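Architecture at a glance
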Amino acid sequence: YQRRVREAVVSTQSTGIYGYTDKFLEIVSITRPDVPSRVQVVANMSERDMGTISKIKNGRKDASELGQYTQWQGYTSLPYWKTPEANTINGTEGLFFRPFLKQGEEVTTFVDDLFRANPMEWVGEEEVRTIRAFKFKIPDYVMKNATNNPLNDGFYAYGPDGMMNLTSCVMAPVFASMPSFMDAEPWLLEEVEGLPPVNRSTMDTNIWVNPLTGVLVKAKKQLQINLMINQNVIFPGFAGLREDRPRYIPVGQIIETGGLDDQLVKQFHDKVFRPQAILVVVIWTVFGIFNVAFIGLFIQMLIVAGANQKTPDRDPIIPREEFDEGAGSEKEHIYEVPIAGDISTEGAENAYQSI
């Protein structure tokens, strides 16, 4: 896991990302002491109270809730946004999700730098370092303003499309966007010189998750931090700005990348894939034995059934011995043969045959 904060070179006030005293806010703070005069974007967005506690669910009762936040940095509900729905704390830290993910479904991460839960849209399936993974990206509707997506009204999305308003979170006119104002309104990029051209393959924010376990395999997050500047006659440098809309000046980028190293990939294979392969072999072996036994039993039943269907070729012959007194001492053998069916009186005489 790596996190880099890169200072933009397009702004003469680039020290703003590390901290500077704003003259205008200094004047405002005379009458409003609660308004800080120092703008320090990185500190405001990254500084955390280490004494606070975050809580997540272990998924013991419901596997679909594995890793879900129930408390973030001491908050059970966020204090930054306009509506209760926007202030709801949900999603995971992004390191793991519920197991048995299905194609097409969304996952939700809680993004610290944006102070909000952020859905991730299913893009497709890829193989990352020999591990099957689902690829996700930020949906387009998340970056829309409140006019084009009324659900974003709770996040004070009153600027142009492609800009996330963080003013209520950092107490400074700060807006987050994709690098080079990707997926934002075209005029934002046109009014700034020095930014690289948009390249989605290198600038998009994506995560890759193994669908069987829900474990994060690879991640790439990029945010561009912008300061909103309005026309102001007090400051000569701002006098040339347009009256009808502000200008958004990039002051830096936050880049986070991460993934499984060689050791973790090996552990993943040893603890997930190998037992799974062994289980498949065992199941198919048992299935094969059962099939062989069933076929053998079936053949035996056919043999027994065939033997029971065999009948004698002729009825049994019943011998009887009688003496013919007229023949002297000579013994005559008489055999009784039962004749099937109705027998007439005349036919009955032939019922016994002398041999």
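Cut-off values and rules
- Residues numbered from 1 in each chain as written.
- Predicted model: local features only at pLDDT ≥ 70, side-chain atom pairs only at ≥ 80, totals over all residues.
- Heavy atoms only, no water.
- Helix = DSSP H or I, 4+ residues; strand = E, 2+ residues; numbered from the N terminus.
- Buried < 20%, exposed > 50% of the residue type's maximum accessible area, 1.4 Å probe, protein only.
- Contact = heavy atoms within 4.5 Å.
- Areas by Shrake-Rupley, 256 points an atom, 1.4 Å probe, with all protein chains shown as cover.
- Salt bridge = Lys/Arg side-chain N within 4 Å of Asp/Glu carboxyl O.
- Patch = residues over 30% accessible without salt bridge, like charges linked within 9 Å, V, L, I, M, F, W, Y side chains within 5 Å.
- 1 Å grid on protein atoms, 1.4 Å probe; cavity = no way out; pocket = protein on both sides within 12 Å on 5 of 7 lines; lining within 4 Å.
- Points joined across faces, edges and corners; volume = space filled by probe spheres on them.
- Nonpolar A, V, L, I, M, F, W, Y, C, P; charged D, E, K, R; others polar.
- pLDDT = per-residue confidence, 0-100.
- Core = buried A, V, L, I, M, F, W, Y, C linked by side-chain atoms within 4.5 Å.
- Phe/Tyr/Trp six-rings, centres within 6.5 Å; stacked < 30°, edge-to-face > 60°.
- Lys NZ or Arg CZ within 6 Å of the ring centre and 35° of its normal.
- Pairing = 2+ DSSP bridges.

**A word on the overall build of the protein chain**
Within the protein chain one finds seven helices and 16 strands. Here the protein chain holds 355 residues, and the buried ones make up 37% of them. By sequence separation, contacts in the protein chain at least 24 residues apart represent 51% of the contacts at least 6 residues apart. As presented, the protein chain carries roughly 22100 Å² of accessible surface, and 57% of it is formed by carbon and sulfur atoms.

**Section: the pattern of salt bridges**
Applying the stated criterion to the full structure yields 13 salt bridges. Lys137 is the salt-bridge partner of Asp140, the closest N and O atoms lying 3.8 Å from each other. Exposure remark for Asp140: the relative accessible area of 47% places this residue in the partly exposed category. Among the ionic pairs, Lys221 bridges to Glu256, the shortest N-O distance being 3.4 Å. With Lys221 in strand 12 (residues 216-229) and Glu256 in strand 13 (residues 247-259), this residue pair connects regions lying 35 residues apart in the sequence. For the pair Lys221 and Glu256, a shared accessibility class is recorded, and that class is buried.

**Some details on a nonpolar patch on the surface**
Together, Phe294, Ile295, Ile299 and Ile303 give the surface a local cluster of nonpolar side chains, amounting to about 420 Å² of exposed area. Mapped onto the secondary structure, Ile295 falls in helix 6 (residues 262-308).

**So, empty space enclosed by the protein**
Here the structure, examined in full by the defined rule, presents one cavity of 30 Å³ or more. Space inside the largest cavity adds up to approximately 70 Å³. The wall of the largest cavity is formed by 13 residues, among which Arg116, Phe155, Ala157, Met163 and Met164 lie closest to the centre. Classifying every residue of the lining of the largest cavity by side-chain character gives nine nonpolar, two polar and two charged.

**Quick word on the confidence of the model for the protein chain**
Here the protein chain averages 76 in pLDDT, while 62% of its residues score no lower than 70. Counted against residues more than four places away or in other chains, residues 7-18, with its pLDDT under 50, gives 33 contacts. Contacts from residues 351-355, a stretch scored under 50 in pLDDT, to residues over four places away or in other chains number nine contacts.

**Describing the nonpolar core**
Core analysis: the largest hydrophobic core is formed by 41 residues, its most contacted members being Trp72, Trp81, Phe136 and Ile207. At the level of elements, strand 6 (107-111), strand 7 (116-128), strand 8 (131-137), helix 3 (167-170), strand 10 (174-177), strand 11 (206-209), strand 12 and strand 13 are the ones that each hand at least two residues to this core. Looking at this core, the element that brings in the most residues is strand 12, giving five residues. Among all residues touching Phe136, those that are not within four sequence positions of it are Leu101, Glu105, Val107, Met120, Glu121, Trp122, Val123, Thr205, Asn206, Ile207 and Val209. In terms of nonpolar packing, the next biggest core, distinct from the first, is built from nine residues, Met163, Phe175, Phe181 and Ala184 among them.

**Some points on the environment of Ala117**
Relative to the helices and strands, Ala117 is located in strand 7. Placed 28 residues apart in sequence, Ala117 and Ile89 show a C-alpha to C-alpha distance of 6.7 Å. Non-local contacts of Ala117, meaning those with residues more than four positions away in its chain, are made with Asn90, Thr108, Thr109 and Phe110.

**A closer look at unusual backbone geometry**
Backbone phi values are negative for most residues with the exception of glycine, while trans is the configuration of most peptide bonds. In this structure, Phe100 takes a positive phi of about 60° despite not being glycine. By the element assignment, Phe100 lies in the loop between strand 5 (69-71) and strand 6. Given a relative accessible area of 56%, Phe100 falls into the exposed group.

**Description of the environment of Phe175**
Turning to its location among the elements, Phe175 is positioned in strand 10. For Phe175 and Pro250, which are 75 residues apart along the polypeptide, the C-alpha to C-alpha distance reads 9.2 Å. Contact partners of Phe175, with chain neighbours within four places excluded, come to Met163, Met164, Asn165, Thr167, Gln224, Ile225, Asn226, Met228 and Tyr248.

**Here's the deal with the packing of aromatic side chains**
Evaluated as defined, the whole model comprises twelve aromatic pairs. Between the aromatic rings of Tyr69 and Phe110, the centroid separation amounts to 5.7 Å while the plane-to-plane angle is 70°, which identifies the pairing as edge-to-face. Pair noted here: Tyr69 is in strand 5 and Phe110 is in strand 6, with a separation of 41 residues, a long-range link. The pair Tyr69 / Phe110 is uniform in exposure class, with both members buried. Look at Tyr75 and Tyr80: their rings are 6.2 Å apart centre to centre, the planes differ by 70°, and that puts the pair in the edge-to-face class. A relative accessible area of 32% places Tyr75 in the partly exposed class. In textbook terms, an aromatic cluster arises when at least three aromatic residues are bridged by ring pairs, as seen for Tyr69, Trp72, Tyr75, Tyr80, Phe110 and Phe115. Over the ring of Trp208 we find Lys218, and its NZ or CZ is 4.6 Å from the ring centre.

**Topic: the pairing of strand 6**
Counting buried positions along strand 6 yields four of five residues, so the element is predominantly enclosed. Relative to strand 7, strand 6 runs antiparallel, the two being bridged by five bridges. In the strand pairing of strand 7, Val111 is matched with Arg116. Where strand 6 folds back on strand 7, the antiparallel hairpin that results is connected by four residues, among which Phe115 adopts a positive phi of roughly 55°.

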